[in-house]
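Architecture at a glance
This is what each chain is made of:
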Amino acid sequence: SDNIYGCLQTFYKFNCDFEETINHILLRDPNAIILMSNAVPYCKSHLLRIKKKVNHNINRIRWYNCLEFKEFLNIISICDVILDPFPFGGCNTSFEAFDLNIPVVTLSSNILGGSFTKGLYNKMGITDCTVTNKKCYVNKCVEIATNKKYKNLICRKIKVNKYKIFQDKDSVNDWVNLFLQLYLSNTN
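A few points on the structure. (Residues numbered from 1 in each chain as written. Predicted model: local features only at pLDDT ≥ 70, side-chain atom pairs only at ≥ 80, totals over all residues. Heavy atoms only, no water.)

**Looking at the environment of Cys129**
Among the structural elements, Cys129 can be located in the loop between helix H5 (116–124) and strand S6 (130–131). For Cys129, a relative accessible area of 0% puts it in the buried group. In this structure, the C-alpha to C-alpha distance between Cys129 and Pro103, residues 26 residues apart in sequence, is 7.3 Å. The residues contacting Cys129, other than those within four sequence positions of it, are Pro103, Val104, Val105, Thr106, Tyr121, Lys140, Ile144 and Ile154. (Helix = DSSP H or I, 4+ residues; strand = E, 2+ residues; numbered from the N terminus. Buried < 20%, exposed > 50% of the residue type's maximum accessible area, 1.4 Å probe, protein only. Contact = heavy atoms within 4.5 Å.)

What follows is the structure, given as C-alpha cells:
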C-alpha cells in the first residue's frame, strides 16, 4: 500500500524550498515513502534541517548508501515516481528512470542544470510531468503515485517515446559541430 517516491540525488542538490516540497508530499500522501540517496553522506546540519522540515514524518524517508549500479536501477524500478530536485535538477537519473519507463516530475527552471529533464521530455513529446510551480509539483507527484491508471498512462508514453532520446543522432551531431566550430575558431 506504500507509494514510493524516489529522490535519488546527492544532498547538495537540495535546498530549503525543495525540502519543504518533500514535506508537502508527505503531508498530502499518507502512504508516501521517500527513498533518498546517502551515497555522499549528509552532514549533520543538513540532516537536522530535513528532520526539522518533515518533523514526525522523518520515519517515512528511507536513506540508502552507495549501491552497485544494478542495485541502484532496482531502487529506481520500484518507484512510482522520481522527484527531480529543483532548481538544480537531474540528468543521468532521469535517463535511467526513462529507460525503466518511470515518470520523473520536474519543475521548469531558468538554469541549465535544472532544465535537462524538461528537455528530455520535450524531445519525447511528453508534457504531463513538467510543471511550473511548487504547488503543481506536489500535486503532480501525488497524482502519479496515488493514481495507478494515470501513472501507467505516463509509463506507456515514456516506453513508446524514449527511443527519441536514446537513439537521437541529431543532438550528437549538434555537439560535434559545436566542438568543431570552437576548435576551429581557437586555431585561427
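**Focus on the sheet that holds strand S1 (residues 3–7)**
Read across the sheet, six strands follow the order S3-S2-S1-S4-S5-S6 without closing on themselves; strand pairing throughout is parallel. Edge strands, defined here as strands with exactly one partner in the open sheet, are strand S3 (61–64) and S6. Pairing analysis gives five bridges linking S1 to strand S2 (residues 32–37), with the strands arranged parallel. Bridge assignment links Tyr5 to a residue of S2, and that residue is Ile34. Here helix H1 (residues 16–28) sits on the sheet and contacts S1, S2, S3 and strand S4 (81–83); the angle it forms with S2, its principal contact strand, is near 150°. (Pairing = 2+ DSSP bridges. Axes fitted to C-alpha atoms, helices over the stretch in contact; angles between N-to-C directions.)

**A look at the packing of H1 against helix H2 (residues 44–54)**
Taken N-terminus to C-terminus, the directions of H1 and H2 make an angle of 40°; their axes are 9 Å apart at the nearest point. Taken together, the axes of H1 and H2 lie oblique to each other. The handedness of the crossing between H1 and H2 is right-handed. Residues Cys16, Glu19, Glu20, Ile22, Asn23 and Leu26 of H1 form the contact with H2, whose participating residues are His46, Arg49, Ile50, Lys53 and Val54. Classifying every residue of the contact of H1 with H2 gives five nonpolar, two polar and four charged. (Parallel < 35°, antiparallel > 145°, perpendicular 65-115°, else oblique. Left-handed = near helix turned anticlockwise from the far one by under 90°. Nonpolar A, V, L, I, M, F, W, Y, C, P; charged D, E, K, R; others polar.)

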